[in-house]
Amino acid sequence: MSEKRFNAFTAELRRLFGCRVQRISVDAGFTCPNRDGSVASEGCIFCGGNGSGAKGIVRDRSVAEQLAHGKEFMIGKYGAGKFLAYFQAYSNTYAPVAHLARLYDEALAVPDVVGLIVGTRPDCLPDDVLDLLADYSRKTYLWLELGLQSSVDRTLVAINRGHDTACFVAAAERCAARGIKVCVHLIFGLPGETREEMLKTADLLNQLGIGGVKLHHLHVMKETRLEAMYQQGELELLERDQYVGLVCDFLERLDPRMLVMRLVGDGGFNMVAPAWGTAKFVLLNTIDREFERRGTRQGSSVNKD
Ligand code: SF4
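Residues numbered from 1 in each chain as written. Predicted model: local features only at pLDDT ≥ 70, side-chain atom pairs only at ≥ 80, totals over all residues. Heavy atoms only, no water.

The name recorded for the chain in an unreviewed UniProt entry is TIGR01212 family radical SAM protein, from Geoanaerobacter pelophilus. The UniProt entry for the chain carries the following comment under Cofactor (unreviewed entry): "[4Fe-4S] cluster". (UniProt positions renumbered as here; feature names shortened; annotations may be inferred.)

1. So, helix 3 (residues 97-108)
Side chains three or four residues apart in an α-helix point the same way, a direct result of the helix having 3.6 residues per turn. For helix 3, which comprises 12 residues, the first-to-last C-alpha distance of 16 Å matches the rise-based estimate of 16 Å (1.5 Å per residue) to within 8%. All buried positions along helix 3 are accounted for by Leu100, Ala101, Leu103, Tyr104 and Ala107. Down the axis of helix 3, the smallest arc covering the buried residues is 165 degrees, so these residues share one side. Summarising the geometry of helix 3, the exposed residues directed more than 90 degrees from the buried face are Ala98 and Arg102. Among the structural elements, helix 2 (63-78), strand 2 (82-87), strand 3 (113-120) and helix 4 (127-139) are those in contact with the buried residues of helix 3. (Helix = DSSP H or I, 4+ residues; strand = E, 2+ residues; numbered from the N terminus. Expected span 1.5 Å × (residues − 1). Buried < 20%, exposed > 50% of the residue type's maximum accessible area, 1.4 Å probe, protein only. Arc of directions from axis to C-beta. Contact = heavy atoms within 4.5 Å.)

2. A look at the environment of Lys200
With respect to the element layout, Lys200 can be found in helix 7 (residues 195-208). Of the residues examined, Lys200 reaches a relative accessible area of 49% and is grouped as partly exposed. Sequence-wise, Lys200 and Arg20 are 180 residues apart; in three dimensions their C-alpha atoms are separated by 33 Å.

3. Looking at the nonpolar core
The biggest cluster of nonpolar side chains holds 72 residues, and the ones touching the most others in it are Phe87, Leu133, Phe168, Leu205, Leu215, Phe250 and Leu251. The biggest single contributor to this core is helix 9 (residues 240-252), with seven residues. Each residue touching Phe168, except ones within four places of it in the same chain, is listed here: Pro122, Leu146, Leu148, Val184, Leu204, Leu205, Leu208 and Ile210. (Core = buried A, V, L, I, M, F, W, Y, C linked by side-chain atoms within 4.5 Å.)

4. Section: the sheet that holds strand 6 (residues 212-217)
Spatially, 1-2-3-4-5-6-8 is the arrangement adopted by the seven strands of the open sheet, whose pairing is parallel. Every interior strand has two partners, whereas the edge strands, strand 1 (21-26) and strand 8 (259-262), have only one. Within this sheet the neighbouring strands show an average axis-to-axis angle of 25 degrees, counted without direction. Sheet topology places strand 3 next to strand 4 (residues 141-149); six bridges connect them, and they run parallel. Pairing of Leu116 across the sheet is with Leu142, part of strand 4. Across the sheet, helix 3 touches strand 2 and strand 3, and the angle it forms with strand 3 is around 145 degrees. (Pairing = 2+ DSSP bridges. Axes fitted to C-alpha atoms, helices over the stretch in contact; angles between N-to-C directions.)

5. What about the pairing of strand 2?
Across the six residues of strand 2, five count as buried, placing the element largely inside the fold. Sheet topology note: the strand 1/strand 2 ladder contains six bridges and is parallel. Bridge pairing links Ser25 to Tyr86 in strand 2. Across five bridges, strand 2 lies against strand 3 in parallel orientation. Across the sheet, Phe83 pairs through a bridge with Val113, a residue of strand 3. Crossover connection from strand 2 via helix 3 to parallel strand 3: handedness right-handed. (Right-handed = clockwise from strand over helix to strand, strands pointing away.)

6. Structural notes on the layout of surface pockets
Vacant regions in the atomic arrangement are exposed by a probe of water-molecule size rolled over the atoms. Space inside the second largest pocket adds up to approximately 170 Å³. Surrounding the second largest pocket, Gly189, Leu190, Pro191, Gly192, Glu193, Met198, Leu235, Glu236, Leu237, Leu238, Glu239 and Gln242 form its lining. In the lining of the second largest pocket, the residues fall into six nonpolar, three polar and three charged. (1 Å grid on protein atoms, 1.4 Å probe; cavity = no way out; pocket = protein on both sides within 12 Å on 5 of 7 lines; lining within 4 Å. Points joined across faces, edges and corners; volume = space filled by probe spheres on them. Nonpolar A, V, L, I, M, F, W, Y, C, P; charged D, E, K, R; others polar.)

Structure follows, in structure tokens:
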């Protein structure tokens, strides 16, 4: 456990690589079955046109060029010494394995790139892709990020996710059988979901032996169906203190070995609401202070229910 009251991924990376390690987001030109018509064509209701990719990534440059550009920025801003290529935008396993291998190899050939993070959907993992990822897991530092967002099937339908919780569970088990480390994305505050339903997801991740988690609050991005709901008054967003309380409750219930890779989302300039979501560092400090006030930490209440 780091000096934080949760098992911070940044501290784990420093321990493993001996320096500051930054993730560099790349857009490798993928699409997504929830957008191209294979599963659906409208996408998740919160998804902006960039496939949930980070601001600042440039789709029309090669993977190597994007990483070179990102390195320069991360060295200047953070003094980073090593980097993880973060295949973030859209579904980064949604292509034939030869194409995937070419992109992953291109990333790993960039100096000081010491590993890969591959973001995808749980329904985008045929056996040959998982075998490929298992192969990369043996030769480099690799995380597979699975978007789950909610473990409540009713919510997954409401947000047009295009897969159910059983699909995620099966994917996580198939990854575990191959030794692939899995990080799970969750969103708190999705429409119609109760506090207890959000918290219960921690139990599912514990049972599955998931390796890492990324949390963020629901934020409304421009030109999404969620924005239309928000403008029509059909959406109730979490207040900042509600989110802070949820994060602390959730982490107390989470296996203390699980790495925490993110606690706050970053909507960037396209974010419509909530306004408190832009003050990222204030929010992170508030979470730290809430843990101190409670005298608790990640895993405090595991197996105590
Ligand atoms: S799975 Fe990802 S890229 Fe596809 S629609 Fe949903 S958020 Fe967007």
